[in-house]
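Each chain, written out:
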Amino acid sequence: MNQPLQHTTVLLDEAVHALLGDGDAPAGTFVDGTFGRGGHSRLILQRLGPQGRLVAFDKDTEAIQAAARITDARFSIRHQGFSHLGELPAASVSGVLLDLGVSSPQIDDPQRGFSFRFDGPLDMRMDTTRGQSVAEWLADAEAAQIAEVIRDYGEERFAGPIAKAIVARRTERGPIASTAELADIVAGAVKTREPGQNPATRTFQALRIFINAELEELQQALEGSLHVLRPGGRLVVISFHSLEDRIVKQFIAQHSKEVYDRRAPFAPPQPMRLKALERIKPSTDEVAANARARSAVMRVAERTEVPA
């Protein structure tokens with residue numbers, strides 16, 4: 001019998017402490033925007049008071065199945081991406097946690113197609129019930145489109161040669177259906193790579209981000225957090241690559257300053273909406289125990305007073 005794939009939650013204690021603060025048994029409604037396998041949610045529920053509530057979101061049907069095993073009446077989950085958190089009532093939430101990226105069970109399951117380490121269907125969808133797989137998109141996309149995605153979302157300098165190789169292989173032998181096929185094509189097109197990094201790393205990252213619209217969803221979720229967070233509520237975001245972290249950093253910076261309207265120089269400024277609190281990296285011990293933690297960055301901000 002196959003053992004369930006395990007996931008080690010990165011920055012678990014630090015994230016939950018940043019979200020809930022120092023008080024014992026806090027009340028209020030909190031959001032875990034990325035339930036995954038429930039590491040953060042379970043610890044949040046341990047610390048929540050009896051009047052507290054936790055609303056979780058996840059697009060992955062396997063995550064929804066894992067969440068069904070939580071019988072705590074304070075907990076509920078929505079089969080939606082975290083971009084929908086803005087649909088919650090205004091100023092109703094005491095904290096929002098977003099743990100971005102892919103969970104270990106998703107990466108380690110060959111059938112999900114997220115990793116070049118295992119041969120499997122070239123899928124990469126977070127929600128396998130809807131949308132195009134990577135294989136379906138690559139079957140029709142033009143070389144220029146493929147190159148743009150790999151360059152913009154993977155920061156891959158060999159995006160052009162990789163895209164041309166994909167189209168040439170597709171033309172010669174038909175659609176690319178497996179992760180191993182794609183990894184081999186990329187390896188043949190990438191001439192140099194950083195020591196210890198597989199040539200396909202940036203391409204797989206780019207295609208996953210694109211097919212799931214991850215950066216667009218992140219931007220929507222951040223905007224939604226401003227709508228749902230009450231004054232004093234916390235925004236906690238864990239990123240795993242520079243594209244995500246740049247969006248989070250710029251969003252917090254943008255809303256952590258007063259905005260003046262140059263067209264009305266004597267009008268009062270629009271007040272700041274967030275206060276940046278801290279930036280945290282995993283400890284050396286955590287990285288040693290879990291290599292997937294090495295690129296993580298957690299940023300914490302607090303919702304300021306909402307003007308009347």
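Described below are features of the structure shown in this document. (Residues numbered from 1 in each chain as written. Predicted model: local features only at pLDDT ≥ 70, side-chain atom pairs only at ≥ 80, totals over all residues. Heavy atoms only, no water.)

Glancing now at the side chain of Arg169. By secondary structure assignment, the location of Arg169 is in helix H7 (residues 159-173). You can call Arg169 buried: its relative accessible area is 11%. Side chain to side chain, Arg169 and Glu181 meet in a polar contact 2.2 Å long. Not counting residues within four places of it along the chain, the set of residues in contact with Arg169 comprises Gly174, Pro175, Ile176, Glu181 and Ile185. (Helix = DSSP H or I, 4+ residues; strand = E, 2+ residues; numbered from the N terminus. Buried < 20%, exposed > 50% of the residue type's maximum accessible area, 1.4 Å probe, protein only. Polar contact = N/O pair within 3.5 Å; in protein donor to acceptor, adjacent residues only side chain to side chain. Contact = heavy atoms within 4.5 Å.)

A few words now on the packing of helix H6 (residues 143-154) against helix H9 (residues 201-211). As a packed pair, H6 and H9 sit with axes 8 Å apart at the nearest point and diverge in direction by 100°. As far as their axial angle goes, H9 and H6 are roughly perpendicular. On H9, the residues touching Val149, Ile150, Tyr153 and Gly154 of H6 are Arg202, Thr203, Gln205, Ala206, Leu207, Ile209 and Phe210. Among the residues forming the contact of H6 with H9, the class breakdown is seven nonpolar, three polar and one charged. (Axes fitted to C-alpha atoms, helices over the stretch in contact; angles between N-to-C directions. Parallel < 35°, antiparallel > 145°, perpendicular 65-115°, else oblique. Nonpolar A, V, L, I, M, F, W, Y, C, P; charged D, E, K, R; others polar.)

Here the focus is the packing of aromatic side chains. For the coordinates displayed, the defined rule picks out four aromatic pairs. Both rings, one in Trp137 and one in Phe210, keep their centres 4.7 Å apart while their planes meet at 55°; by these two values the pair is tilted. Of the two residues, Trp137 sits in helix H5 (residues 134-138) while Phe210 sits in helix H9, which places them 73 residues apart along the sequence. Every member of this aromatic cluster is reached through a ring pair, and the members are Trp137, Tyr153 and Phe210. (Phe/Tyr/Trp six-rings, centres within 6.5 Å; stacked < 30°, edge-to-face > 60°.)

The subject of this paragraph is H6. Here H6 is twelve residues long and its end C-alpha atoms lie 16 Å apart, about the 16 Å a rise of 1.5 Å per residue gives. Ile146, Ala147, Val149, Ile150, Tyr153 and Gly154 are the residues of H6 that are buried. The buried side chains of H6 occupy one side of the element, clustering within an arc of 165° when seen end-on. Downstream of H6 by one or two residues, Glu155 has phi in the positive range, about 50°. (Expected span 1.5 Å × (residues − 1). Arc of directions from axis to C-beta.)

Next up on the list: the sheet that holds strand S1 (residues 29-32). Taken in spatial order, the seven strands line up as S3-S2-S1-S4-S5-S7-S6 in an open sheet, and their pairing is mixed. The open sheet has two edge strands, strand S3 (75-78) and strand S6 (274-280), and neither has a second partner. Between one strand and the next, the sheet's axes are offset by a mean angle of 15°, whatever the strand orientation. Each of strand S4 (93-99), strand S5 (229-239), S6 and strand S7 (297-303) is contacted by helix H10 (residues 214-228), which is oriented at about 160° to S5, the strand it contacts most. (Pairing = 2+ DSSP bridges.)

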